[in-house]
Amino acid sequence: MKVHFMVLGSETRQIYLAELLQEAGNEVMVAEEYLPGYHDVVLLPVPQTAKYLEENITKLQKGQLVFGCHFPAPLLELCVKKGVRCIDYMQEEGFASRNAIATAEGAVAEALKSGCVSIHGSNSLVVGYGRCGEVLAEKLAALKANVTVMDRKEEKRARAETYGCQAVDFTMPATNMSEFDFIFNTVPAPVLDEHFLANVKKDVTIVDIASKPGGVDFEYCRKHSIDANLCLGLPGKYAPKSAAAILLVIIRKTIMGD
């Protein structure tokens with residue numbers, strides 16, 4: 001079954017995805033904006049789904065499939081009214097687990113790029129022990145970091161401890177933040193605020209991989225010269241070919257029932 005794809009965005013992951021689709025015998029067009037004509041499927045870049053959808057929504061046509069991530073509710077409603085079906089990669093079975101591996105590896109790479117000490121032997125805090133947090137803690141432990149997991153849920157803290165991590169909740173004394181060389185946030189809610197940030201090391205490195213706007217008070221960090229970065233789209237940045245293959249699995253499953 002030959003399908004006509006419109007791949008939007010110049011992210012390297014999108015380019016690899018287009019190549020994989022072409023190799024499978026599909027018709028594929030790659031562009032920065034929607035090109036004239038009817039395309040069965042429109043593929044939006046994962047970290048910029050909202051931007052590209054907003055810019056191109058008036059050009060979408062009834063019956064099309066649109067793939068992306070974290071669709072804004074107002075735009076999603078407009079697509080429904082137009083008869084356009086939107087598929088959120090994050091909501092599809094298997095995507096989050098596969099994507100967590102590439103995301104965790106990218107987070108470690110960002111930490112190494114920005115930090116002033118090695119991961120090995122460092123004291124590293126992982127905030128949130130969901131899919132990404134669990135994989136990230138495992139990767140850090142494999143690199144011989146001393147890993148502490150912060151999570152609200154007792155069962156998650158217990159699981160982290162079974163894997164050799166220290167575990168704390170958000171009632172941890174803020175002064176304990178001074179122990180950590182690296183802090184990784186995976187919680188998409190404001191969790192690392194002035195209460196905690198006022199106690200971090202001067203040369204700490206904070207990597208936030210939660211969905212925008214993240215969970216760190218970046219304004220406070222900026223004012224106090226704390227190295228903190230919101231790092232989105234890490235799979236596409238550090239492992240674009242692998243990341244594209246993950247997207248392809250979801251696309252094939254949705255369209256062809258594989």
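The structure under discussion appears in the preceding block.
Just so you know, these numbers come straight off a predicted model, no measurement behind them.

## Points about the packing of helix H4 (residues 95-114) against helix H10 (residues 240-256)
Inference 1: Running from amino to carboxyl end, H4 crosses H10 at an angle of 175°, the nearest separation of the two axes being 10 Å. Looking at the two axes, H4 sits roughly antiparallel to H10. On the side of H4, the interface is formed by Phe95, Arg98 and Asn99, while H10 contributes Ile246, Leu247, Val249 and Ile250.

## Thoughts on the sheet that holds strand S10 (residues 205-208)
Inference 1: Read across the open sheet, the six strands follow the order S8-S7-S6-S9-S10-S11; overall the sheet is parallel. Each having just a single partner strand, strand S8 (166-168) and strand S11 (227-230) make up the two edges of the open sheet. Between one strand axis and the next, the sheet turns through 15° on average, direction left out of account.
Inference 2: Note that strand S9 (residues 182-185) and S10 share four bridges and pair parallel. Looking across to S10, one finds that phenylalanine 184 is bridged to valine 207.
Inference 3: Those strands touched by H4 are S9, S10 and S11, and its axis lies near 150° from that of S10.

## Some words on the pattern of salt bridges
Inference 1: All chains considered together, the criterion is met by nine salt bridges.
Inference 2: For the salt bridge of arginine 159 with glutamate 134, the shortest nitrogen-to-oxygen distance reads 3.3 Å. Taken together, the residues arginine 159 in helix H6 (residues 154-162) and glutamate 134 in helix H5 (residues 131-142) connect sequence positions 25 residues apart.
Inference 3: Residue classification places arginine 159 among the partly exposed residues on the basis of a relative accessible area of 32%.
Inference 4: For lysine 201, the salt bridge identified is with aspartate 181, shortest N-O distance 2.7 Å. Of the two residues, lysine 201 is situated in the loop between helix H7 (194-197) and S10 and aspartate 181 in the loop between S8 and S9; the sequence distance between them amounts to 20 residues.
Inference 5: Residue aspartate 181 is classed as buried on the basis of its relative accessible area, which comes to 14%.
Inference 6: Look at the salt bridges and you will find they share partners, linking Glu110, Lys113 and Lys237 into a network.

What counts and what doesn't
- Residues numbered from 1 in each chain as written.
- Predicted model: local features only at pLDDT ≥ 70, side-chain atom pairs only at ≥ 80, totals over all residues.
- Heavy atoms only, no water.
- Axes fitted to C-alpha atoms, helices over the stretch in contact; angles between N-to-C directions.
- Helix = DSSP H or I, 4+ residues; strand = E, 2+ residues; numbered from the N terminus.
- Parallel < 35°, antiparallel > 145°, perpendicular 65-115°, else oblique.
- Contact = heavy atoms within 4.5 Å.
- Pairing = 2+ DSSP bridges.
- Salt bridge = Lys/Arg side-chain N within 4 Å of Asp/Glu carboxyl O.
- Buried < 20%, exposed > 50% of the residue type's maximum accessible area, 1.4 Å probe, protein only.

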